[in-house]
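Structural overview
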Amino acid sequence: MEKKVCVRFAPSPTGPLHIGGVRTALFNYVYALANGGTFILRFEDTDKDRSEAVFENNIKDGLKWMGIEWDEEYHQSKRADIYKKYLDKLKAKDLIYEHDGGTYFRLPEKNKKIIVDDLIRGKVEFNSQDFDDVVLFKKDGSPTFHFANVVDDIDMNITHVIRGEDHLSNTPKHILLYEALGADVPKFAHIPLILNPDKSKMSKRMVSSGSSRAGDIDFEAYIKAGYLPEAMINFLAQLGWSPPDENDFFTLEELVKMFTLDRVQKAGAVFDIKNLNHINHHYLMEKSLDDYIKLAEPYITHLKGDKDLIEKALKLVQDRAQTLSEIPDLIEYFLKAPKYDGKLLIFKKSSPEQTAKGLDAALKVLEAIDERDWVETKLQQVLDNTVAAEGLLPGDVFWPVRVALSGEEGSPSPTELLAALGKDESIKRIKTAIGKLASSI
Ligand code: GLU
C-alpha cells in the first residue's frame, strides 16, 4: 500500500525567513494539499548559538501571512533522545567511531555508486569515494544537520523531501544513512535555485524598484513593501514551476488542483521583479474600494488630510499603484499643493501664450460654476465648451489644468482631479499655476 504523503519544511531558525524558504514551504504545502498529505514544520535548531526564537517567530509569521498552515510542528533541539536511539542502531552495526570528540559514521564501502533518483532532476550519480565519513554528533554533544535531518525524516515518516537544489550534494550521504538505518529512502525533489536577472545566485542584495525594496531575499521586505499574499503565492509558485495552461493568475486552491512536481524545471528560476509588480498590480486592481482603503491605511498614517478626500484620492490611484508602499507618493498632491516647474504647464504642441490663454479661460469658467454643480460631467462639458469657444486645442486647457492640480504629467484626468479636490482648492491651484507660468516665461 502506498504510504500517506508526508512532507516537511525544515528551516534553521538562524536568520529571518527568506524568499527561497517561502517558495520551498509553498511547494511542500501545496504538494501535501494536492495529495491529501500531511505538512510538517520542523525547526532544525540544533545549532544552539545561532538559533533564536525571534527568527522562529519571524518564520511562522511569514508562513501564516502567506496562508500556509502546518499540521505538526517540531523542534530538533527537543528530540535529543530520539537521535541517541538511532545512533545506537548504527553502533550495533559497528558503523560508528569516535574521533577528536566527535562521533563519525563510517561510510560502508569505498567506491560505491550512489544514485539519487530525483523527481525533478532524474538520476544523478555520485561516488562514495568523493565523501569523507559523516560527523553525526559534534564535540558539544549536539547532532549535526545531516544526522538530525535524516533521523527526523525517518521518524516522521516523510515520503517526499522537497528542498532546494543546494542540498543535492548532501543527498548521497543521506541515502547511505537511510540504508544503514534500515529505513526506506524517501523520494527526493530538488527545486531549482533562485537567480538574479543576471543569472547570479540571488543573495542578500537589493534591486531597487521604485519605492519597493524588492529583490531582497528577506521575506519581510516584501510584506512591508505592500505586496499581497495572493500575489506572492502566484509569483513564488512560478519560480521554477509553470502552470499547465496559459493561466497567469490563480488562487491557492487553483494552484493545488494544478500542481505536480513534473512541471518543476531543472534550470535556475530567474527572479523577475517586474513580473511580481505586474501580478501585484493585478490583485490590487481587483480589490473593492473598501478593501483597498483598508489595505492602504497602514501605509498612509503619516499623511494628514480630510478622510473623504483621501478616500477619493485612493479611488483615483487604485489602478496605478503596483505596491501599497507606492500609495503615499501617488496621493501626496491631493493633500498638499504640488511643487513643479512652471514650464511643465506648457503642452508640447502648444505655446506659453496659448497656455496662458487656456488657463485664464479655464479659471474664469470654473469660478462661475456653482459649488452644487461641481461634478465631473459638468466640469467636462464646461471645459470642452471653453476649448471650442476660445478656438484653443484641448491640450491648451486640459494639460495645464492637470499639471496645475497634480504637478504631474501622468495623473488621473483633470476633471477627476477637479471633482476630487473641490472648487476652492482647484481654483487656488489654477491661480498659482497662472503666476508660475508668468514667471517662468
Ligand atoms: N535546515 C535545512 C535548511 O534550512 C533543511 C534542509 C532540508 O530541507 O532537508 O536548508
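Cut-off values and rules
Going along each chain's sequence as written, the residues are numbered from 1 onward. Reporting in this predicted model follows two pLDDT cut-offs: at least 70 for local features of residues, and 80 or more for side-chain atom pairs to be given and counted; totals over whole chains, interfaces and linings ignore these cut-offs and use all residues. Side-chain numbers here rest on the full set of heavy atoms in the structure, without hydrogens or water. Neighbouring residues are identified by heavy atoms, a residue being near a molecule or strand if any of them is within 4 Å of it. Polar contact criterion, stated in full: a pair of N or O atoms within 3.5 Å, where within protein one must be able to donate a hydrogen and the other to accept it, and residues adjacent in sequence count only if both atoms are side-chain atoms. Only the protein chains shown count as cover for residues, with accessible areas throughout obtained via the Shrake-Rupley method and a probe of 1.4 Å. For this scheme, ten residues count as nonpolar: Ala, Val, Leu, Ile, Met, Phe, Trp, Tyr, Cys and Pro. Four count as charged, namely Asp, Glu, Lys and Arg, and the remainder, Gly too, count as polar. By the convention used here, strands pair only if DSSP detects at least 2 bridges between them. We count a stretch as a helix when DSSP gives it H or I for four or more residues in a row; a strand needs E for two or more, and each element gets its number in order from the N terminus. Structural elements are reduced to axes, namely lines fitted to C-alpha atoms, with helices fitted over the stretch in contact, and the angle between N-to-C directions of any two is expressed from 0 to 180 degrees. Pairing of aromatic side chains here covers Phe, Tyr and the six-membered ring of Trp, requires ring centres within 6.5 Å, and sorts the geometry by plane angle: under 30 degrees stacked, over 60 edge-to-face, intermediate tilted. Buried, partly exposed and exposed residues are distinguished by accessible area as a fraction of the type maximum, computed with a 1.4 Å probe on protein chains only: under 20%, between the cut-offs, and over 50%, respectively. The pLDDT value tells you how sure the predictor is about a given residue, anywhere from 0 up to 100. It only takes one pair of heavy atoms within 4.5 Å for two residues to be counted as in contact.

Turning to the site of the ligand, a few remarks are in order. Neighbouring residues of the ligand: R8, A10, P11, S12, E44, F145, N149, R163 and H167. The side chain of S12 places a nitrogen or oxygen atom 3.1 Å from a nitrogen atom of the ligand. Separating a nitrogen atom of the ligand from a side-chain N or O atom of E44 is a distance of 2.7 Å. Protein coverage of the free-state accessible area of the ligand, which is 300 Å², stands at 79%. A breakdown of the residues in the shell around the ligand according to their chemical character gives three nonpolar, three polar and three charged.

A few words now on the sheet that holds strand β8 (residues 134-137). Where strands meet in a sheet, backbone hydrogen bonds hold them as pairs that are either parallel or antiparallel. Ordered by their spatial adjacency, three strands build an open sheet running β4-β5-β8, and the pairing between neighbours is antiparallel. This sheet does not close on itself; its edge strands, each paired only once, are β4 (96-99) and β8. Geometrically, the sheet is characterised by an average inter-axis angle of 40° between neighbouring strands, direction not taken into account. Relative to β8, strand β5 (residues 102-105) is paired through three bridges, and the arrangement is antiparallel. Residue pairing across strands places Y104 opposite V135, the latter belonging to β8.

Further remarks concern the packing of aromatic side chains. Given two aromatic rings, their pairing is described by the distance between the two centres and the angle made by the two planes. Throughout the structure, instances matching the rule amount to 16 aromatic pairs. With centroids separated by 5.9 Å and ring planes inclined at 45°, the aromatic side chains of Y222 and Y227 adopt a geometry described as tilted. Of the two residues, Y222 and Y227, neither departs from the other in class, the shared state being buried. The interplanar angle of 85° and the centroid separation of 5.0 Å between the aromatic rings of F235 and F271 together place this pair among those described as edge-to-face.

On to the sheet that holds strand β2 (residues 38-43), then. Read from one edge of the open sheet, three strands run β1-β2-β3, paired in parallel fashion. Two strands bound the open sheet, and with one partner strand each, they are β1 (6-9) and β3 (72-75). Averaged over neighbouring strand pairs, the angle between their axes works out to 30° when direction is ignored. Here β2 runs beside β3; their pairing, made up of four bridges, is parallel. Of the residues in β3, the one forming a bridge with I40 is E72.

Turning our eyes to something else, we now look at the confidence of the model for the protein. On average, residues of the protein score 94 in pLDDT, and 97% of them reach the 70 mark or higher. Confidence drops under a pLDDT of 50 for residues 206-214, and excluding neighbours within four residues, the segment shows 18 contacts in the predicted structure.

For N111, which is not glycine, the phi torsion reads 60° and is therefore positive. According to the relative accessible area criterion, N111 is exposed, its value standing at 51%. Here K199, not a glycine, exhibits a phi torsion of approximately 75°, which is positive. Of note, K199 is situated in the loop between β11 (194-195) and α6 (219-225). Judged by relative accessible area, which is 56%, K199 ranks as exposed.

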